[in-house]
There are 2 protein chains.
Amino acid sequence: MRARDLAAPYPTVGLSTSALDAARQLADANLPGLIVVDAAGRPSTILPGTQVLRLAVPKYCQENVALARVIDEAHADEFLRDLADRTVAECLPKPERELAIVGPDATVLEIAALMARTRSPLVAVVDGHTTLGAVTLDALLDRMLAS
Amino acid sequence: MRARDLAAPYPTVGLSTSALDAARQLADANLPGLIVVDAAGRPSTILPGTQVLRLAVPKYCQENVALARVIDEAHADEFLRDLADRTVAECLPKPERELAIVGPDATVLEIAALMARTRSPLVAVVDGHTTLGAVTLDALLDRMLAS
């Protein structure tokens, strides 16, 4: 069982997609994260669901518990409205050291280790310039525990 | 909208639960992670789904891509069998600096910031010694995007 056998079709978002649309796509389809592709269709970022929240939460709130606590609901809604005006590219965090991407020959164990290390519940499977699909944490666990 | 309004019942695992049973519970119910409780029923660790994989993948494979690649499927299955003999407590990673736990008065923004910071798609809501339930990433996003 290799990455190519586990890869399933997975929706992608572009760098110019509105951040709000990207967040809605994640929520509506209950996706574990987003694959952000560049103009050539190649994954440029694999964004775990928790990191998509960074698109919606102002930076000064992310690191400061007290500030996040005092902002009331009305203000929180305003931050979300701002999302519609920004693209995914404008909201991306600084690049991760390691991308959650594997080649088609990656083993189950290799994918599991990569997910654990990058804390990404989603790994894109890329063959050269072609994205074959993605392996989700759920799909990987189902396969690992099936035997 | 506060944490107490968002908290939904969520299954827990004990420190003495077999690691294999814990992994199966995650996979079977498609949970985003596990709440590990101590003998008093209080959350001692919130384990994101990706970190549950650390229970199943040998440590020397987690950090070494080349090693994970050369181990064949037959050997990978053996690691999984080992899981049945170990408890959750024996497999836990070293404690995180910050636990994904909030009080009942935490705001939506506060929960979102905590999820982003701890990279946990799951936050336990605890009132004193009582666990009220958990807020998942999906539930939080649905709430944030509903307005």
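Residues numbered from 1 in each chain as written. Chains lettered and ligands numbered in written order. Predicted model: local features only at pLDDT ≥ 70, side-chain atom pairs only at ≥ 80, totals over all residues. Heavy atoms only, no water.

## Brief notes about the overall build of chain A
This is how it is decided: For the purposes of this entry, the term helix denotes a DSSP run of H or I that reaches at least four residues, the term strand denotes a run of E that reaches at least two, and both are numbered from the N terminus. By definition, residues are in contact when any of their heavy atoms lie within 4.5 Å. Note on areas: these come from Shrake-Rupley sampling with a 1.4 Å probe, and a residue is covered only by the protein chains present in the view.
If you tally the helices and strands in chain A, you get nine helices and six strands. Partitioning the intrachain contacts of chain A with sequence separation of at least 6 by distance along the chain shows that 54% fall at a separation of at least 24. As displayed, chain A offers around 6700 Å² of accessible surface, 51% of which is attributable to carbon and sulfur atoms.

## Some thoughts on the pattern of salt bridges
All names here are of chain A. Using the following cut-off: A side-chain nitrogen of Lys or Arg and a carboxyl oxygen of Asp or Glu constitute a salt bridge if their distance falls within 4 Å.
Scanning all chains against the criterion turns up four salt bridges over all chains. Between Glu-98 and Arg-117 there is a salt bridge, with its nearest N and O atoms 2.8 Å apart. Placement of the pair is Glu-98 in the loop between helix H7 (88–91) and strand E4 (101–102) and Arg-117 in helix H8 (residues 108–118), with a sequence separation of 19 residues.

## Quick notes on the sheet that holds strand E6 (residues 130–136) of chain A
Two modes of strand pairing occur in sheets, parallel and antiparallel, and in both the strands are linked by backbone hydrogen bonds. Residues and elements named next belong to chain A. The criterion, for reference: The criterion for strand pairing is that DSSP finds at least two bridges linking the strands in question. For helices, the fitted axis covers only the stretch in contact; all axes are lines through C-alpha atoms, and the angles between them, taken along N-to-C directions, range from 0 to 180 degrees.
With mixed pairing, three strands are arranged side by side in an open sheet as E4-E5-E6. Whereas interior strands pair on both sides, the edge strands pair on one side only; in this sheet they are E4 and E6. Pairing of E4 with strand E5 (residues 122–127), which is carried by two bridges, proceeds in the parallel orientation. Looking at E5, one finds that Ile-101 is bridged to Ala-124. Helix-sheet contacts for H8 involve E4, E5 and E6, and the interaxial angle to E5 is about 130°.

## Notes on helix H2 (residues 19–28) of chain B
Residues and elements named next belong to chain B. This is how the line gets drawn: Each residue is placed in one exposure class: buried if its accessible area under a 1.4 Å probe, protein chains only, is under 20% of its type's maximum, exposed if it is over 50%, and partly exposed if it falls in between. This arc is taken over the directions from the axis of the helix to the C-beta atoms.
What H2 keeps buried is the set Ala-19, Leu-20, Ala-22, Ala-23, Leu-26 and Ala-27. One face of H2 carries all of its buried residues, which in axial projection span an arc of 160°. Taken from the residues just after H2, Asn-30 is the one with a positive phi, measuring 50°.

## Section: the pairing of strand E5 (residues 122–127) of chain B
Residue and element names in this part refer to chain B. Our working definition: With strands facing away from the observer, any crossover in which the path from the first strand over the helix to the second runs clockwise is taken as right-handed.
In terms of burial, E5 is largely enclosed, as five of its six residues are buried. Taken together, strand E4 (residues 101–102), helix H8 (residues 108–118) and E5 form a β-α-β motif whose crossover is right-handed. Direction of pairing for E5 relative to strand E6 (residues 130–136): antiparallel, over a ladder of six bridges. Bridge pairing links Val-125 to Gly-133 in E6. A loop of two residues connects E5 with E6, the two strands running antiparallel in sequence, and Gly-128 in this loop sits at a positive phi of about 60°.

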